[in-house]
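In case you want the letters, here they are:
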Amino acid sequence: MGRKQKLRQERKIKNNKNSTPPAVVTTASEATVEATSEGTLSIAEILVEIDSVFPKSDEYVQATDAQIINGNEDYKLDNNERYALFKQGATEHGCVHSMNFMGAGYLNPTSKHLAHPWFLEGAIRGHYGCIMSLIGEFYLDHAEPNRNADTLYGYWGKIATNADTRLSPKVAPNVLKHRLGRICIICSKTDTKTFTLKQCEGCSVYCYCSEGCQTIHWKDHNHRGECKQLRILIKYHKPYAKAIRDAAIRGDIHPALEKLQYKLGLTRPLEDYQEIDNTYDAKLINPKDYFVARDDGTVWVGSIPSTACVSRK
Ligand SMILES: [Zn+2]
Ligand SMILES: [Zn+2]
């Protein structure tokens, strides 16, 4: 099967009514990134090329096994079977391709918050499709008044930009810098000859004119959680990012990865977030409230509970 065929968007699969989420609509990179041409390759194709260094679990291979019927990809397994395989590949074998598909499977408006931990799992291992999905689906331009995520956009954006110059035009962290500028994030006051805005000491990204504006941002706009998650990433991911990625490419787990998963809250037990894990009741919650972080910087929804880690080699 050619690359183009593989990349073709799968048909949308309707969310069925049982508790198993829909298995996978499309690859995350395609869902997020416009397939505009850069030379001969689209961004989605570039991502597939960069991420092809990661090993594919047997489960992933089985779940994506398809034949072309009338020009459409027809999977040999049904959605529930594919979902189970992706989950197994992701949780038992650390398969980043499976994580990417897990995330993509939840990318509909009512369950999107459940996609976040899977893209984050892939992103911390250095899977660029997952990184671009984090940026595009959760952090970029989701900075609605109460849900700032500009610092996380900046963190992952920088990593994506450094990965491949072909991705830079799609990320362009400088745009962010320009967008934020020297302006109070709450009331838009700027520096004057006699007055200088203060920066957040945690992230050095946002500026404030006063303690009052900082408090509003910290509490009402959840910068507390965002800023803390950024610091977790800077302390527990940044120094080890290359080593974690290299290990994942070898099919190993770097010791720093498990600590990072714990610090980010990805390994929290399911009971912790049960009430927002059920997509049936999604109408009772706004998934966007769970895109960024809790007050302590940990994720709202986990991915692989710590008990599952025991069975991993
Ligand atoms: Zn202000
Ligand atoms: Zn901050």
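None of these values were measured; they are calculated from a predicted model.

1. Comments concerning the overall build of the protein
For the protein, the helix and strand inventory stands at 17 helices and six strands. Each of the 313 residues in the protein was classed as buried or not, and the buried ones make up 49%. At a minimum sequence separation of 6, the contacts of the protein that also span at least 24 residues come to 65%. Carbon and sulfur atoms make up 51% of the accessible area of the protein, which totals about 15300 Å².

2. Concerning the coordination of the zinc ion (ligand 1)
Donor atoms from the polypeptide that bind the zinc ion (ligand 1) are Cys184 (SG), Cys187 (SG), Cys209 (SG) and Cys213 (SG), placed at 2.3 to 2.4 Å. Coordination geometry of the zinc ion (ligand 1): the four donor atoms subtend angles of 102 to 121 degrees at the metal centre, consistent with an arrangement described as tetrahedral. For the zinc ion (ligand 1), the donor residues sit on a single chain with the sequence spacing C-x2-C-x21-C-x3-C. Separated by 29 residues along the polypeptide, Cys184 in the loop between helix 11 (173–180) and strand 5 (198–199) and Cys213 in helix 12 (residues 211–220) bring together distant segments of the chain. Accessibility expressed as a relative area gives 1% for Cys184, which makes it buried. Its relative accessible area of 10% is what places Cys213 among the buried residues.

3. Considerations on the packing of helix 12 against helix 13 (residues 223–236)
The geometry of helix 12 relative to helix 13 is characterised by a closest axis approach of 5 Å and an angle of 80 degrees between their N-to-C directions. Viewed along their axes, helix 12 and helix 13 adopt a mutual orientation that is roughly perpendicular. Residue-level inspection shows His217, Trp218 and Lys219 of helix 12 in contact with helix 13, the latter providing His223, Arg224, Cys227 and Arg231. When the residues that make up the contact of helix 12 with helix 13 are grouped by side-chain class, the tally is two nonpolar, two polar and three charged.

4. Concerning the environment of Asp164
With respect to the element layout, Asp164 can be found in the loop between helix 9 (150–163) and helix 10 (168–171). Here the alpha-carbon distance between Asp164 and Leu47, two residues 117 residues apart in the chain, equals 9.3 Å. Not counting chain neighbours up to four residues away, the residues in contact with Asp164 comprise Ile46 and Ile50. Only 2.8 Å separates the side chain of Asp164 from the backbone nitrogen of Arg166, close enough to count as a polar contact.

About the thresholds
- Think of each chain on its own: its residues are numbered from 1, step by step along the sequence as written.
- Chain labels run from A onward and ligand labels from 1 onward, assigned in the order the entries are written.
- Owing to the predicted nature of the model, reporting of local features is limited to residues with pLDDT of at least 70; listing and counting of side-chain atom pairs is limited to 80 or more, with chain, interface and lining totals taken over all residues.
- Each side-chain value is worked out from all heavy atoms of the structure, with water and hydrogens disregarded.
- Secondary structure elements are defined from DSSP: runs of H or I of at least 4 residues count as helices, runs of E of at least 2 residues count as strands, and each element is numbered from the N terminus.
- With a 1.4 Å probe rolled over the protein chains alone, any residue whose accessible area is under 20% of its type maximum counts as buried; one over 50% counts as exposed, and the rest are partly exposed.
- Contacts were defined at the residue level, with two residues in contact if any of their heavy atoms lie within 4.5 Å.
- Residue-level accessible areas treat just the shown protein chains as cover; the underlying method is Shrake-Rupley with a 1.4 Å probe.
- Excluding water, the donors of a metal are its N, O and S neighbours within 2.8 Å, or within 3.2 Å for Na, K and Ca, and that exclusion means sites may look incomplete.
- Here a site with four donors is tetrahedral if all angles are between 85 and 135 degrees, and a site with four or six donors is square planar or octahedral if opposite donors are over 155 degrees apart and the other angles are between 65 and 115; anything else gets the irregular label.
- The axes used here are C-alpha line fits, helices contributing only the stretch in contact, and every angle between their N-to-C directions lies in the interval 0 to 180 degrees.
- With respect to orientation, any angle under 35 degrees is reported as roughly parallel, any angle over 145 as roughly antiparallel, any angle of 65 to 115 as roughly perpendicular, and every other angle as oblique.
- For this classification, the nonpolar set comprises Ala, Val, Leu, Ile, Met, Phe, Trp, Tyr, Cys and Pro, the charged set comprises Asp, Glu, Lys and Arg, and every other residue, Gly included, is treated as polar.
- Counting of polar contacts relies on pairs of N or O atoms within 3.5 Å, with two restrictions inside protein: one atom must be capable of donating a hydrogen and the other of accepting it, and residues adjacent in sequence are counted only when both atoms are side-chain atoms.

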